[in-house]
Amino acid sequence: GEDVEQSLFLSVREGDSSVINCTYTDSSSTYLYWYKQEPGAGLQLLTYIFSNMDMKQDQRLTVLLNKKDKHLSLRIADTQTGDSAIYFCAEVGRANTDKLIFGTGTRLQVFP
Amino acid sequence: DTEVTQTPKHLVMGMTNKKSLKCEQHMGHRAMYWYKQKAKKPPELMFVYSYEKLSINESVPSRFSPECPNSSLLNLHLHALQPEDSALYLCASSQVIKQPQHFGDGTRLSIL
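Anyway, here's the lowdown on the structure attached to this text. (Residues numbered from 1 in each chain as written. Chains lettered and ligands numbered in written order. Predicted model: local features only at pLDDT ≥ 70, side-chain atom pairs only at ≥ 80, totals over all residues. Heavy atoms only, no water.)

### Observations regarding the pairing of strand 1 (residues 4–7) of chain B
All names here are of chain B.
(1) Moving on: Only one face of strand 1 is buried: it carries Val4 and Gln6, and the other face, with Thr5 and Thr7, is open.
(2) Moving on: Bridge analysis of strand 1 against strand 3 (residues 18–25) gives four bridges, and the strand direction is antiparallel. Across the sheet, the residue bridging to glutamine 6 is cysteine 23, located in strand 3. (Buried < 20%, exposed > 50% of the residue type's maximum accessible area, 1.4 Å probe, protein only. Helix = DSSP H or I, 4+ residues; strand = E, 2+ residues; numbered from the N terminus. Pairing = 2+ DSSP bridges.)

Okay, here's the thing in structure tokens:
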């Protein structure tokens, strides 16, 4: 099937690291994405990784890709209250389509 | 701030009304997308335009009619909608298809 799975909820203390996990389905995906959605807003593209990479770091964000296990993770260092949001991973769909397949979303709650 | 602008931000309409949602981007992107997002769910693709031509229609009911008058604008014409069509409608654009997509803040649509 086309299910991209994420855990539903993550709660972390301010200043700690957050790790959001995603299991995707299509081994031929060229790009894998992380989007952030705050309440009442659209989706903000946080970062993305090419399928030929294992890791990408962008300031507080680190993306790890394990192609063998089809596992993608997003680590947020020094998590702040402004990081509270829903985080979606997404893969480009089946070959020769441009359909983004989104994960179920992880709600990150940061408490002081 | 998003570089994809959607208007209106909110829309309430009756089932017999005709209205349009608008989306604009000035990033020179040649692919534009409409998504529908229900509460607590990931976005679902509706339509994809590539170089102003419709390239994907995800079996969307004909009461939703997309239009791409030029490379910067994307409209979604609405007619005879049903209460279950109430949702957040998101527009996105990318340089070309298969490139990272950038989203607007959406139009929250309520059907009475």
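### Details of the environment of serine 17 of chain A
Residues and elements named next belong to chain A.
(1) Moving on: Tracing the sequence through the fold places serine 17 in the loop between strand 2 (9–13) and strand 3 (18–23).
(2) Moving on: The residues touching serine 17, leaving out its near neighbours within four places in the chain, are Val12, Arg75, Ile76, Ala77, Asp78 and Thr79.
(3) Moving on: Among the polar contacts made by the side chain of serine 17, one reaches the side chain of arginine 75 at a distance of 2.9 Å. (Contact = heavy atoms within 4.5 Å. Polar contact = N/O pair within 3.5 Å; in protein donor to acceptor, adjacent residues only side chain to side chain.)

### Quick word on the packing of aromatic side chains
(1) Moving on: Here the structure, examined in full by the defined rule, presents 14 aromatic pairs over all chains.
(2) Moving on: Aromatic side chains tyrosine 31 of chain A and phenylalanine 50 of chain A sit 4.8 Å apart centroid to centroid with 45° between the ring planes, which places their arrangement in the tilted category. Of this pair, tyrosine 31 of chain A sits in strand 4 (residues 31–37) while phenylalanine 50 of chain A sits in strand 5 (residues 43–50), placing them 19 residues apart in sequence.
(3) Moving on: On the basis of relative accessible area, phenylalanine 50 of chain A is assigned to the partly exposed category, the value being 35%.
(4) Moving on: For the pair phenylalanine 102 of chain A and phenylalanine 103 of chain B, a centre-to-centre distance of 6.2 Å together with 70° between the ring planes defines the contact as edge-to-face. (Phe/Tyr/Trp six-rings, centres within 6.5 Å; stacked < 30°, edge-to-face > 60°.)

### A word on the nonpolar core
Soluble, globular proteins show a tendency: their nonpolar side chains are buried together.
(1) Moving on: Counting residues in hydrophobic clusters, the biggest one holds 22 residues, and the most contacted among them are Trp34, Phe64, Leu76 and Leu78 of chain B.
(2) Moving on: Leucine 76 of chain B has contacts with Lys19, Ser20, Leu21, Trp34, Met46, Phe47, Phe64, Ser65, Pro66 and Tyr89 of chain B, leaving out every residue within four places of it along the chain. (Core = buried A, V, L, I, M, F, W, Y, C linked by side-chain atoms within 4.5 Å.)

### Comments concerning the state of the cysteines
(1) Moving on: Using the criterion set out here, one finds two disulfides over all chains in the structure.
(2) Moving on: Across the disulfide from cysteine 22 of chain A sits cysteine 89 of chain A; the S-S distance is 2.0 Å. On the sign convention where negative means left-handed, the S-S torsion of about 70° between cysteine 22 of chain A and cysteine 89 of chain A marks this disulfide as right-handed. Here cysteine 89 of chain A lies in strand 9 (residues 85–92) and cysteine 22 of chain A lies in strand 3, a separation of 67 residues in the sequence.
(3) Moving on: Residue classification places cysteine 89 of chain A among the buried residues on the basis of a relative accessible area of 0%.
(4) Moving on: Covalently, cysteine 23 of chain B is tied to cysteine 91 of chain B through a disulfide, its sulfur atoms 1.9 Å apart. Across the S-S bond linking cysteine 23 of chain B and cysteine 91 of chain B, the dihedral sits near -70°, which makes this disulfide left-handed. In this pair, cysteine 23 of chain B is assigned in strand 3 and cysteine 91 of chain B in strand 9 (residues 87–94), connecting sequence segments 68 residues apart.
(5) Moving on: Take cysteine 23 of chain B: its relative accessible area is 1%, and that puts it in the buried class. (Disulfide = S-S within 2.5 Å.)

### Focus on the sheet that holds strand 1 of chain B
Residues and elements named next belong to chain B.
(1) Moving on: Across the sheet, which stays open at both edges, the four strands sit in the order 1-3-8-7 with antiparallel pairing between neighbours. Of all strands in the sheet, those with a lone pairing partner are strand 1 and strand 7 (64–70), marking the two edges. Each adjacent strand pair in this sheet contributes to an overall mean axis angle of 20°, direction not counted. (Axes fitted to C-alpha atoms, helices over the stretch in contact; angles between N-to-C directions.)

### Describing the layout of surface pockets
(1) Moving on: Of the volumes computed, that of the largest pocket is approximately 510 Å³.
(2) Moving on: Taken together, 21 residues make up the lining of the largest pocket; nearest its centre are Gly103, Thr104 and Gly105 of chain A together with Lys41 and Pro42 of chain B.
(3) Moving on: At three residues, the largest contribution of residues to the lining of the largest pocket is made by strand 10 (residues 100–102) of chain A. (1 Å grid on protein atoms, 1.4 Å probe; cavity = no way out; pocket = protein on both sides within 12 Å on 5 of 7 lines; lining within 4 Å. Points joined across faces, edges and corners; volume = space filled by probe spheres on them.)

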